[in-house]
Amino acid sequence: MDKKTKKQITVWLFSACLLIFIMVIIGGITRLTRSGLSMVEWHPISGIVPPLSENAWITEFEKYKQYPEYKKINHGMTLNEFKFIFFWEYIHRLIGRLLGLLFIIPFAYFLIKKKLNPILIKKLLIMFIFGGLQGLYGWYMVKSGLIDNPHVSHYRLAGHLIIAFSLMAYIVWTALDINRDRFEKGTSYNKIHFKPILHWIIFVITLQIAYGAFTAGLKAGYGWNTFPKMAGEWIPSGLFSIRPWYLNFVENKFTVQFIHRMLGWILCMLIPGFWRYTRGFNITTQQDRAISILMNIIIFQFLLGMLTLIWVVPVWLGVLHQAGALILVIGCTYIYFLVNNTTDVSTLT
């Protein structure tokens, strides 16, 4: 693959990452402003056009009135208030459609020009399928709040968020892999020692993302807003108040928030511990810089989480906290790539 094509594809893929990042931010605003159930229908093609007249808005509002959120929570809402929540969900879905176009058009161009090798075509098709499933899963999540309980399932919310983060990580990895020859090569010795620790870090981050979604979906962040103690105790009582006991891990707001806190503490020890461990090895300059940045990211993310809790989840801070989680995933993906980069030949050239 020539340098010009590499640059074009890299810009394309990172543009997609930027759009996903924006979509995650808008998704956070949509959730925190409780706008996610404002659009009660899903029309992938015709849905791109919003209501353009007052009558169209009234029709859309009447549809919304038939569902539990209006009846149980927003009864008496004005049309202007409805327009506000509709706006955020509409923008969120619109960005998803733009993301699809951003993939299809450049992909068709590069394919017609025969600038893609079979391995890269396969990876790009996986991205496309991944993205399409994310759209379908998003509607599956919304439907859970359109039945009796006017809140989306926190299980489906966690799945939706993890898919988005995984897609971002996969695109970043593919873009880095295309440019593998531009990065310093590490040693196989370091790779053997670092990868097991990184696997644990990735596992805990994934678990933390899921519990962040559980905390958000259950509205668990709006209670017990003290730190570092919770309900006045380091290990509070009442963690297993639900029967059977195992449901407390996923259904008990109190327990879910406690686990989210504990996973934050674990990451604040695990990542700096990894940084300290790497000081005993001869690592590349890029690895050194990336690991140091990751350590600073987790500390900043921990502080954001603490303030979000203490200040009872203001929208802007909750959104920053969600963005911080995505930056953490990107940073971890980059480090894993650098540690794994011990060969001189790119698989994509």
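On a predicted model such as this, the values are computed, not experimentally measured, just so you know.

Undergrad: Looking at this structure, I do not really get the overall build of the protein chain. What am I missing?
TA: A count of helices and strands for the protein chain gives 11 helices and zero strands. Listed N to C, the secondary structure of the protein chain is α-α-α-α-α-α-α-α-α-α-α in terms of helices and strands. For a compact globule of 349 residues, the expected C-alpha radius of gyration is about 20 Å, and the protein chain comes in at 22 Å, within 12% of that figure. Taken over the C-alpha atoms alone, the protein chain extends approximately 65 × 60 × 35 Å along its principal axes. With 349 residues in all, the protein chain has 50% of them scored as buried.

Undergrad: Help me understand helix 7 (residues 188–217), please; the structure alone is not making it clear to me.
TA: Turn by turn, an α-helix covers 3.6 residues, leaving residues three or four places apart pointing in a common direction. In this model helix 7 runs 42 Å from its N-terminal to its C-terminal C-alpha over 30 residues, within 8% of the 44 Å that 1.5 Å per residue would give. In helix 7, a bend of some 35 degrees at Phe 194 exceeds every other bend along the element, and Pro 196, a proline, comes one to four places later.

Undergrad: Please clarify how unusual backbone geometry should be interpreted in this entry.
TA: Note: most residues except glycine have negative phi, and most peptide bonds are trans. Following Phe 227, the chain continues into Pro 228 via a peptide bond in cis, with omega recorded as 10 degrees. Pro 244 follows Arg 243 through a cis peptide bond whose omega is -5 degrees. Position of Pro 244 among the secondary structure elements: in the loop between helix 7 and helix 8 (248–251). For Trp 224, which is not glycine, the phi torsion reads 55 degrees and is therefore positive. Residue position: Trp 224 is located in the loop between helix 7 and helix 8. For Trp 224, a relative accessible area of 32% puts it in the partly exposed group. If you check the backbone angles, Val 313 has positive phi at about 55 degrees while not being a glycine. Turning to its location among the elements, Val 313 is positioned in the loop between helix 10 (285–310) and helix 11 (315–340).

Undergrad: What is the right way to read helix 6 (residues 154–178) from this model?
TA: Taking 1.5 Å per residue as the helical rise, helix 6 with its 25 residues ought to reach 36 Å, and the 36 Å between its terminal C-alpha atoms agrees with that figure. Burial runs high along helix 6: 19 of the 25 residues are buried. Here helix 6 starts with a cap whose side-chain oxygen sits 3.2 Å from the backbone nitrogen of Tyr 155, and that cap is Ser 153.

Undergrad: What is the right way to look at the state of the cysteines in this model?
TA: As used here, a disulfide is simply a covalent bond connecting the sulfur atoms of two cysteines. Counted according to the given criterion, the structure contains zero disulfides. Here Cys 17 is not disulfide-linked; the sulfur of Cys 332 is the nearest cysteine sulfur, at 15 Å. Owing to a relative accessible area of 6%, Cys 17 belongs among the buried residues under this scheme. No disulfide involves Cys 332; its sulfur sits 14 Å from the nearest other cysteine sulfur, which is in Cys 268. Classification of Cys 332 as buried rests on a relative accessible area of 3%.

Undergrad: Would you mind going over the nonpolar core with me for this structure?
TA: Proteins that are soluble and globular tend to have nonpolar side chains buried together. Counting 94 residues, the largest nonpolar core has Leu 13, Phe 82, Leu 124 and Phe 165 as the members making the most contacts within it. Setting aside chain neighbours within four positions, we find Phe 165 in contact with Val 24, Ile 209, Gln 322, Ala 325, Leu 326 and Val 329.

Undergrad: How should the packing of aromatic side chains be read in this particular structure?
TA: Two measures describe an aromatic ring pair: the distance that separates the ring centres and the angle between the ring planes. Under the counting rule described, the total for this entry stands at 37 aromatic pairs. Relative to Phe 103, the ring of Trp 12 lies with its centre 5.7 Å away and its plane at 40 degrees, an arrangement referred to as tilted. One end of the pair, Trp 12, is in helix 1 (residues 3–32); the other, Phe 103, is in helix 4 (residues 79–112), and 91 residues separate them in sequence. The class for Trp 12 is buried, based on a relative accessible area of 6%. By relative accessible area, Phe 103 is classed as buried at 12%. Here the aromatic residues Trp 57, Phe 61, Tyr 64, Tyr 70, Phe 82, Phe 86 and Tyr 90 are joined through ring pairs into a cluster of three or more. One cation-aromatic arrangement involves Lys 65 over Phe 61; the distance from NZ or CZ to the ring centre is 4.6 Å. Sitting over the face of the ring of Tyr 140, Arg 156 holds its NZ or CZ atom 3.7 Å from the ring centroid.

Rules of the game
- Residues numbered from 1 in each chain as written.
- Predicted model: local features only at pLDDT ≥ 70, side-chain atom pairs only at ≥ 80, totals over all residues.
- Heavy atoms only, no water.
- Helix = DSSP H or I, 4+ residues; strand = E, 2+ residues; numbered from the N terminus.
- Rg over C-alpha atoms; globule rule 2.2 N^0.38 Å.
- Buried < 20%, exposed > 50% of the residue type's maximum accessible area, 1.4 Å probe, protein only.
- Expected span 1.5 Å × (residues − 1).
- Bend = angle between axes of the 7 residues up to and from the residue.
- Polar contact = N/O pair within 3.5 Å; in protein donor to acceptor, adjacent residues only side chain to side chain.
- Disulfide = S-S within 2.5 Å.
- Core = buried A, V, L, I, M, F, W, Y, C linked by side-chain atoms within 4.5 Å.
- Contact = heavy atoms within 4.5 Å.
- Phe/Tyr/Trp six-rings, centres within 6.5 Å; stacked < 30°, edge-to-face > 60°.
- Lys NZ or Arg CZ within 6 Å of the ring centre and 35° of its normal.

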